[in-house]
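# Structural description and commentary
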Amino acid sequence: MLHTSDQITEEPTVFAPTQFSREETSENFRIHSEIDILFILRGIMQTNSLITLYPDYASDFILTSILAIDANKKEMVIDYGIDDKHCQKALHSKALVFVTTQNRVKIEFICDQIRKIQYDGKDAFAINIPKSLLRIQRRNHFRITTPIAKPLKCVIPIPGNDASAKAEVALLDISCGGIAVIDHHPIINFDPGMIYSDCVIALPEIGTITVTIQVKNTYEITLRNGQNCMRAGCQFIELAASMEAMIQRYIIKQEQIRKIK
């Protein structure tokens, strides 16, 4: 059973809606793919993550969790409250704002349909599955290692007079903040501070992104096969929102694949 803002007996984590600056809009983090949305919501349900619900963006809130998801009906069931005043307010709200976290990444979404039902013999809320949600990653971006058998490749234009000259390097990992590559190319210089524009990375089943990278650090690592090599950590410079969205979709898809395995 969930608690309301004036009846909390423990110290649960309460998540507040994100305030975006002028330089950073919500679209930078928004996910529209129904498959990705359902994957994220099921993950939240399976870990029984606590969700903070704000009726009509009000300051008071309800703490709840996802009990069931019906993809065919595009509906999910969430826990009901013990304070009828708060529950009635939610039932008469036009916008229900939900905030939680998944794998230390903040998740936010809005639903606009709610009704009271019986679930497993208890009162519950039925709400619509959101048409989009926010998966908010900042500074400490979640990185995902690239597949060993078929690693991602970054195609980097080689500085010089020949505009067609390009170098291809393998990626060790990728996040919305940057990439790590294997530094063993005879021409490309991965000294910290170097900047390379118009770099191309093909994300399988997602699309191709074009980015500017700046080398931040290099150090020696040992690969899983025992081979020693140099790793170069590179940061994206002024990454376009559309490119960031594609990287997020790639990360979510890889999480889906690894969960199946």
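Here is a short report on the structure shown in this document. (Residues numbered from 1 in each chain as written. Predicted model: local features only at pLDDT ≥ 70, side-chain atom pairs only at ≥ 80, totals over all residues. Heavy atoms only, no water.)

Another aspect to go through is the sheet that holds strand β10 (residues 133–136). Spatial ordering of the open sheet is given by β1-β10-β7-β6-β2-β3, a layout of six strands whose pairing is antiparallel. Edge positions in the sheet fall to β1 (30–31) and β3 (62–64), since each of these pairs with one other strand and no more. Pairing of strand β2 (residues 51–55) with strand β6 (residues 96–102) involves four bridges; the strand directions are antiparallel. Residue pairing in the sheet places T52 in a bridge with V99 of β6. Against the sheet, helix α1 (residues 34–46) engages β1, β2, β6, β7 (105–111) and β10, with an angle of about 70 degrees to β6. On the sheet, helix α2 (residues 84–91) packs against β2, β3 and β6 and is oriented at approximately 85 degrees with respect to β3. (Pairing = 2+ DSSP bridges. Helix = DSSP H or I, 4+ residues; strand = E, 2+ residues; numbered from the N terminus. Contact = heavy atoms within 4.5 Å. Axes fitted to C-alpha atoms, helices over the stretch in contact; angles between N-to-C directions.)

On to the pairing of β10. In β10, alternate side chains face the same way, and those of L133 and R135 on one face and L134 and I136 on the other are all buried. Strand direction decides the pairing type here: β1 and β10, joined by two bridges, are antiparallel. Counted as the bridge partner of R30 is L134 from β10. With three bridges connecting them, β7 and β10 associate as antiparallel partners. (Buried < 20%, exposed > 50% of the residue type's maximum accessible area, 1.4 Å probe, protein only.)

The buried fraction of strand β5 (residues 75–79) is high, at five of five residues. The antiparallel pairing of strand β4 (residues 66–70) with β5 creates a hairpin that spans four residues between the two strands, and K74 there sits at a positive phi of about 55 degrees. Of the strand pairs in this sheet, β5 and strand β9 (residues 122–128) are connected by five bridges, and their pairing is antiparallel. Bridging from a neighbouring strand, E75 pairs with N128 of β9.

Bringing α2 into the picture now. Restricting attention to buried positions, one finds in α2 the residues H86, C87 and A90. Viewed end-on, α2 has its buried residues packed into an arc of 100 degrees, placing them on one side of the element. Buried positions along α2 lie against β2, β3, β6, β8 (114–119) and β9. (Arc of directions from axis to C-beta.)

On to the pattern of salt bridges, then. Tallied over the entire structure, the rule returns nine salt bridges. The salt bridge partner of E168 is K153, with a shortest N-O separation of 3.5 Å. In this pair, E168 sits in strand β13 (residues 166–174) while K153 sits in strand β12 (residues 153–157), placing the two residues 15 residues apart along the sequence. The exposure class assigned to K153 is partly exposed, which follows from its relative accessible area of 34%. (Salt bridge = Lys/Arg side-chain N within 4 Å of Asp/Glu carboxyl O.)

On to the environment of A16, then. Considering the arrangement of structural elements, one finds A16 in the segment before β1. In sequence terms A16 and V99 are 83 residues apart; their C-alpha atoms lie 6.6 Å from each other. Once residues lying within four places of it in the same chain are set aside, the contact partners of A16 are Y54, V99, K106 and E108.

This part is about the packing of aromatic side chains. Considering all chains together, one arrives at four aromatic pairs under this definition. Note on Y80 and F125: the rings are 4.6 Å apart at their centroids and 45 degrees apart in plane angle, and the pair reads as tilted. One end of the pair, Y80, is in the loop between β5 and α2; the other, F125, is in strand β9, with 45 residues separating them in the sequence. Across the pair, F125 and Y80 agree in class, each one buried. (Phe/Tyr/Trp six-rings, centres within 6.5 Å; stacked < 30°, edge-to-face > 60°.)

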